[in-house]
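Chains, contacts and geometry: an overview
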Amino acid sequence: MIMKKKNQIGFILVSTIIGFMLAVQFKSIKEPERRDTRDTWQLKSDILYEQKRQAQLTRDITELETQASRYETELKTSKEQALKDVVEGLKREVGITPVTGPGLIISINTISDETLFLQKAKRIAPDLLRRLINELNKYDAEHISINGQRVVNNTVIRDINGITKIDGYALNTFPIELKIIATDAEKVRDRLKVAPTIEEFFIENLTLTISQPLDTVTVPAYRNKIQVQNMEPVR
């Protein structure tokens, strides 16, 4: 009886395994592997589309590389131009290049009037000329020349053997002409006309004639060699 029961269990187990195998085989028959059923024309069209897309991508990449190269060149050029602009600006500031712009012309001359017992001035005192330059700088004058001599930071105005000189050039004849470049030339003119320096010139029997604001005034370059101290080249 026990033996018969074991045989029944074995038969059921074997039948289950065979049934599972048949089910798997039947499913594989019902669901065959999917294959590309597109016709030849469709395949050719797809291939052509992919080729066109690849060609477009190649063109896009080439264009981007060209743009990147152009931007790099422009950046390098702009840096070089910026450096040149800085150098030119520094040259203008220190006075080694001529400058043209809006400004004024001032003429210093002597006053001679016997009825007022005024004696003709023989020269302009260095201190008086320096005060005038300081006034002009205070009123935002940007560039100044005196009788064609550019005034820079290390300009020296002094008396040498009774003659007033600017950087070694004598100012021993009248009139003495100052050329001034200023963005707001009218403001410089208006302030200078009421400055105390005007009275000081009159006391010395000198007069200032200030022109109307001019659109174009040229201040020459500094003629002497500019000495640079306490500076070493970068290594």
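Residues numbered from 1 in each chain as written. Predicted model: local features only at pLDDT ≥ 70, side-chain atom pairs only at ≥ 80, totals over all residues. Heavy atoms only, no water.

Here we look at the pattern of salt bridges
- Summed over all chains, the structure comprises five salt bridges.
- Across the pair Asp159 and Arg123 runs a salt bridge whose closest N-O atoms are separated by 2.7 Å. Of this pair, Asp159 sits in strand β4 (residues 157–160) while Arg123 is found in the loop between β1 (99–110) and α3 (126–138), placing the two residues 36 residues apart along the sequence.
- As a salt-bridge pair, Arg131 and Glu200 come within 2.7 Å of each other at their nearest N and O atoms. A residue pair is termed long-range when its members are at least 10 positions apart, and Arg131 in helix α3 and Glu200 in helix α5 (residues 196–203) qualify at 69 residues.
- Of the residues examined, Arg131 reaches a relative accessible area of 38% and is grouped as partly exposed. (Salt bridge = Lys/Arg side-chain N within 4 Å of Asp/Glu carboxyl O. Helix = DSSP H or I, 4+ residues; strand = E, 2+ residues; numbered from the N terminus. Buried < 20%, exposed > 50% of the residue type's maximum accessible area, 1.4 Å probe, protein only.)

What about the sheet that holds strand β6 (residues 169–170)?
- One open sheet holds the three strands; their spatial order is β4-β5-β6, and the pairing between them is antiparallel. The strands lining the two open edges of the sheet, one partner per strand, are β4 and β6.
- In terms of strand pairing, β4 meets strand β5 (residues 163–166) through four bridges, oriented antiparallel. Looking across to β5, one finds that Ile160 is bridged to Ile163.
- Strands in contact with α3 are β4 and β5; relative to β4, the strand with the most contacts, it is inclined by about 170°. (Pairing = 2+ DSSP bridges. Contact = heavy atoms within 4.5 Å. Axes fitted to C-alpha atoms, helices over the stretch in contact; angles between N-to-C directions.)

So, α3
- Taking 1.5 Å per residue as the helical rise, α3 with its 13 residues ought to reach 18 Å, and the 18 Å between its terminal C-alpha atoms agrees with that figure.
- Listed in full, the buried residues belonging to α3 are Pro126, Leu128, Leu129, Leu132, Ile133, Glu135 and Leu136.
- Taken from the residues just after α3, Asp140 is the one with a positive phi, measuring 75°. (Expected span 1.5 Å × (residues − 1).)

Overview of the side chain of Thr164
- Note that Thr164 resides in strand β5.
- Here Ile124 takes part through its backbone oxygen, which lies 2.5 Å from a polar atom of the side chain of Thr164.
- When near neighbours in sequence (up to four residues on either side) are disregarded, Thr164 contacts Arg123, Ile124, Ala125, Pro126, Ile157, Arg158, Asp159, Tyr169, Ala170 and Leu171. (Polar contact = N/O pair within 3.5 Å; in protein donor to acceptor, adjacent residues only side chain to side chain.)

Section: the confidence of the model for the protein
- Averaged over all residues, the pLDDT of the protein is 77; the fraction at 70 or higher stands at 68%.
- Of the regions scoring below 50 in pLDDT, residues 2–7 engages in zero contacts with residues more than four places distant in sequence or in other chains.
- Long-range and interchain partners of residues 24–32, a stretch whose pLDDT sits below 50, account for zero contacts in this model, where long-range means more than four residues apart. (pLDDT = per-residue confidence, 0-100.)

Focus: the packing of aromatic side chains
- If you walk through the whole model with that rule in mind, you get zero aromatic pairs.
- Directly above the aromatic system of Tyr169 lies the positively charged group of Arg223, at a separation of 5.9 Å from the ring centroid. (Phe/Tyr/Trp six-rings, centres within 6.5 Å; stacked < 30°, edge-to-face > 60°. Lys NZ or Arg CZ within 6 Å of the ring centre and 35° of its normal.)

Overview of the environment of Leu132
- Its location among the elements puts Leu132 in helix α3.
- What makes Leu132 buried here is its relative accessible area of 0%.
- With 66 residues separating them in the primary sequence, Leu132 and Ile198 have C-alpha atoms 8.7 Å apart.
- Setting aside its immediate chain neighbours within four residues, Leu132 contacts Ile108, Leu178, Leu192, Thr197, Phe201 and Leu208.

Considerations on the pairing of strand β7 (residues 176–181)
- Examined bridge by bridge, β1 and β7 share six bridges and lie antiparallel to one another. Along β7, the bridge assignment pairs Ile106 with Leu178.
- As paired strands, strand β2 (residues 143–146) and β7 are joined by four bridges and run antiparallel to one another. When the bridges of β7 are listed, His143 appears paired with Ile181.

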